[in-house]
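Next come the chains, spelled out residue by residue.
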Amino acid sequence: MLKKLLITGAAGGLGRLARENLADFAETLRLTDITALTPVSDAEEVMCGDLGDSAFVDRLVEGCDGILHLGGISVENHFDAILNANIVGIHNLYSAAQKHGQPRILFASSNHTIGFHKPSTRLDASSVTRPDSYYGVSKCFGEAVASMYHDKLGQETAIVRIGSCYPQPQDVRMLSTWLSPRDFMALTRQVFRVPVLGCPVIYGVSANKDTWWDNHAVKHLGWEPQDSSETYRAQVEARAAEQGQTPDTLLQYQGGNFALAPLMQKDG
Ligand code: NAI
Ligand code: 15L
């Protein structure tokens, strides 16, 4: 059991999931977000602020023995927005972790680091990145910071390239990319439990039949996803047909619509 687990992005979708599921996993959950939060028990601490503020992040990390880093911009945006939350923000986090005893980190990276690969290409931890957006580029930066802090200073991080973490797959692409909330929470616990972690790249994906990603390099961590998108295939395909969704477009690249969208500029 951890003493104090910091959850960044605690007001977001996965932050709420973690808050509900990990209460028994740490004596205290320190919750942070740029959005207001209210503690629901004595075992929760709340510190709200901007990940781009280095003095704030320094205070945030002090006293924590684990960090679940979910905070930041989670979809495509213009570069300035991404820069503060995801690039300056992650640098602040690693810098503070170095100062405060190197608590182990789970970094919520994304499949959009590799989104310009075709679905016909099977990827593993050693595959080259092909980001599909500024958002994907920022996650590549985060992965690079984690790797450098490990190689130079020994900081441990699980770099988790999350596919699509929702209660159910929402479209045909997610039949390949879906990560069930249950599998994500089991992975999180395992990351903080294993005696030695290092800095592995882990594809955050359930045991889907049509997955594009191979996690053989991290078998030794002992995480076995239990869920599969097959449970929802008929439902997803029926809905897609009903709504006239075009799977061919969605499945042109692994990153789906992120890869197809025009590059987002600040002024239009
Ligand atoms: P979300 O957008 O619901 O939550 C992110 C949270 O970060 C928000 O509550 C937001 O207020 C906070 N935030 C944004 N900028 C901030 C800043 N400057 N300072 C402090 N907090 C800030 O995203 P979600 O779905 O919960 O995802 C969590 C993490 O997992 C994100 O980093 C996302 O990139 C990553 N991820 C999520 C996937 C998914 O399927 N949900 C897939 C791949 C990656
Ligand atoms: C992500 O990285 C996003 O944070 C999330 O909103 C989903 O769109 C997910 O990837 C996905 O690719 O389905």
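These notes cover the structure that comes with them. Note that the coordinates shown come from a computational prediction; the quantities given were computed from them, not determined experimentally.

Taken in spatial order, the 7 strands make up an open sheet running E3-E2-E1-E4-E5-E6-E9, and their pairing is parallel. Of all strands in the sheet, those bounded by a partner on one side alone are strand E3 (44-46) and strand E9 (201-204). Ignoring strand direction, the axes of neighbouring strands in this sheet form an average angle of 20 degrees. In this structure, strand E4 (residues 66-69) lies alongside strand E5 (residues 104-110), joined through 4 bridges in parallel fashion. Paired with glycine 66 across the bridge in E5 is arginine 104. Lying on the sheet, helix H1 (residues 13-21) is in contact with strand E1 (2-8), strand E2 (26-32), E3, E4 and strand E6 (157-162); it crosses E1 at an angle near 160 degrees. Against the sheet, helix H3 (residues 79-99) contacts E1, E4, E5 and E6, and its axis sits at roughly 165 degrees relative to E5.

The environment of ligand 2 is made up of Ser74, Val75, Ser110, Asn111, His112, Tyr135, Gly163, Ser164, Tyr166, Arg173, Met174 and Phe258. Note that an oxygen atom of ligand 2 is positioned 2.7 Å from one of the side-chain N or O atoms of serine 110. In this structure, histidine 112 approaches ligand 2 through a side-chain N or O atom, which is 2.7 Å from an oxygen atom. More than half of the atoms belonging to ligand 2 lie within 2 Å of the grid points that define the largest pocket. A class-by-class count of the residues in the shell around ligand 2 yields 5 nonpolar, 6 polar and 1 charged.

Turning our attention to helix H7 (residues 233-242). Turning to H7, its buried residues number three or more, namely Arg233, Val236 and Ala240. Taken down its axis, H7 places every buried residue within 70 degrees of arc, on the same side. Turned more than 90 degrees from where H7 packs its buried face, Ala234, Ala241 and Glu242 sit exposed. On its buried face, H7 is in contact with helix H5 (174-177). Of the residues trailing H7, glycine 244 is marked for its positive phi of about 65 degrees.

So, about the packing of helix H2 (residues 54-61) against H3. Axis separation between H2 and H3 bottoms out at 9 Å; the angle between their running directions is 45 degrees. The orientation of H2 relative to H3 falls into the category oblique. The two elements H2 and H3 cross, and the hand of that crossing is right-handed. On H3, the residues touching Ser54, Val57, Asp58 and Val61 of H2 are Asn92, Leu93, Ala96, Ala97 and Lys99. Along the lines of polarity and charge, the residues of the contact of H2 with H3 split into 5 nonpolar, 2 polar and 2 charged.

Each regular strand shows side chains that alternate between the opposite faces of the sheet. With respect to burial, E2 is a largely interior element, 6 of its 7 residues being buried. Pairing of E1 with E2 involves 6 bridges; the strand directions are parallel. Each bridged residue has a counterpart across the sheet, and for leucine 5 the counterpart in E2 is leucine 29. What joins E1 to E2 is H1, and the crossover it makes is right-handed.

Here we take up the site of ligand 1. Taken together, 27 residues are adjacent to ligand 1, and Leu14, Asp33, Ser74, Tyr135 and Cys165 come closest. Leucine 14 has a polar backbone atom sitting 2.8 Å from an oxygen atom of ligand 1. In the environment of ligand 1, a nitrogen atom lies 3.3 Å from a nitrogen or oxygen atom belonging to the backbone of isoleucine 34. Protein coverage of the free-state accessible area of ligand 1, which is 820 Å², stands at 85%. Looking at the shell around ligand 1, the elements that each hand over two or more residues are H1, H3, E5, helix H4 (134-153) and strand E7 (164-165). No other element matches the 3 residues that E5 contributes to the shell around ligand 1. Looking at side-chain class alone, the shell around ligand 1 contains 11 nonpolar, 13 polar and 3 charged residues.

With that settled, the discussion passes to the packing of aromatic side chains. Considering all chains together, one arrives at 7 aromatic pairs under this definition. When the centroid spacing of 4.9 Å and the interplanar angle of 80 degrees are considered together, the rings of phenylalanine 116 and tyrosine 253 count as edge-to-face. Separated by 137 residues along the polypeptide, phenylalanine 116 in the loop between E5 and H4 and tyrosine 253 in the loop between helix H8 (247-250) and helix H9 (257-260) bring together distant segments of the chain. Judged by relative accessible area, phenylalanine 116 falls into the partly exposed class, the value being 27%. When the centroid spacing of 5.6 Å and the interplanar angle of 20 degrees are considered together, the rings of tyrosine 203 and tryptophan 213 count as stacked.

Cut-offs applied
Residues numbered from 1 in each chain as written. Chains lettered and ligands numbered in written order. Predicted model: local features only at pLDDT ≥ 70, side-chain atom pairs only at ≥ 80, totals over all residues. Heavy atoms only, no water. Pairing = 2+ DSSP bridges. Helix = DSSP H or I, 4+ residues; strand = E, 2+ residues; numbered from the N terminus. Axes fitted to C-alpha atoms, helices over the stretch in contact; angles between N-to-C directions. Contact = heavy atoms within 4.5 Å. Near = heavy atom within 4 Å. Polar contact = N/O pair within 3.5 Å; in protein donor to acceptor, adjacent residues only side chain to side chain. 1 Å grid on protein atoms, 1.4 Å probe; cavity = no way out; pocket = protein on both sides within 12 Å on 5 of 7 lines; lining within 4 Å. Sits in = over half its atoms within 2 Å of the grid points. Nonpolar A, V, L, I, M, F, W, Y, C, P; charged D, E, K, R; others polar. Buried < 20%, exposed > 50% of the residue type's maximum accessible area, 1.4 Å probe, protein only. Arc of directions from axis to C-beta. Parallel < 35°, antiparallel > 145°, perpendicular 65-115°, else oblique. Left-handed = near helix turned anticlockwise from the far one by under 90°. Right-handed = clockwise from strand over helix to strand, strands pointing away. Areas by Shrake-Rupley, 256 points an atom, 1.4 Å probe, with all protein chains shown as cover. Phe/Tyr/Trp six-rings, centres within 6.5 Å; stacked < 30°, edge-to-face > 60°.

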